[in-house]
Amino acid sequence: MTEPTRYQTAPVELPLRLDLREPTPVDGCPGCVELVKVRERARAGGDMTTVTDCNVYMRRHPEGHG
Ligand SMILES: [Zn+2]
């Protein structure tokens, strides 16, 4: 199957988009509030691994935490 895909449902924009767009906390979710706190603290300390982890958890809300 080497048929070319004519309809691309998800257009590729910027390769580094993940770093630029961060998920927003869900309203009224203590887990998200906590993640934002941890994320900001980690960013201030240059711990980008933790920052990414927090973003991943927040993106998977509500199954990722809580
Ligand atoms: Zn949440």
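To be clear, the structure that these remarks concern was listed above.
Now for a quick tour of the structure. What you see is a predicted model; the values in this text were computed from it and never measured. (Residues numbered from 1 in each chain as written. Predicted model: local features only at pLDDT ≥ 70, side-chain atom pairs only at ≥ 80, totals over all residues.)

### Some words on helix α3 (residues 48–59)
Since the α-helix packs 3.6 residues into each turn, any two residues three or four apart lie on the same face.
So, point 1. Along its 12 residues, α3 runs 16 Å from first to last C-alpha, staying within 8% of the 16 Å computed at 1.5 Å per residue.
So, point 2. Listing the buried residues of α3 in full gives V51, C54, Y57 and M58. Projection of α3 onto a plane perpendicular to its axis shows the buried side chains occupying an angular sector of 125 degrees, all on one side. Exposed positions of α3 whose direction lies more than 90 degrees from the buried face are M48, T49 and R59.
So, point 3. Buried residues belonging to α3 abut α2 (30–44). (Helix = DSSP H or I, 4+ residues; strand = E, 2+ residues; numbered from the N terminus. Expected span 1.5 Å × (residues − 1). Buried ≥ 20, exposed ≤ 12 C-beta atoms within 10 Å, placed from the backbone. Arc of directions from axis to C-beta. Contact = placed C-beta atoms within 7 Å.)

### Side note on the nonpolar core
So, point 1. Core analysis: the biggest nonpolar cluster contains 6 residues, these being C32, L35, V51, C54, Y57 and M58.
So, point 2. Elements with a contribution of two residues or more to this core: α2 and α3.
So, point 3. If one sorts the elements of this core by residue count, α3 sits on top with 4 residues.
So, point 4. In this structure C32 touches P25, V26, M58 and H61, once residues within four positions along its chain are discounted. (Core = buried A, V, L, I, M, F, W, Y, C linked by C-beta atoms within 7 Å.)

### Quick word on the environment of E40
So, point 1. Inspection of the secondary structure assignment puts E40 in helix α2.
So, point 2. Note: C-alpha distance between E40 and T50 (10 residues apart in sequence) is 9.7 Å.

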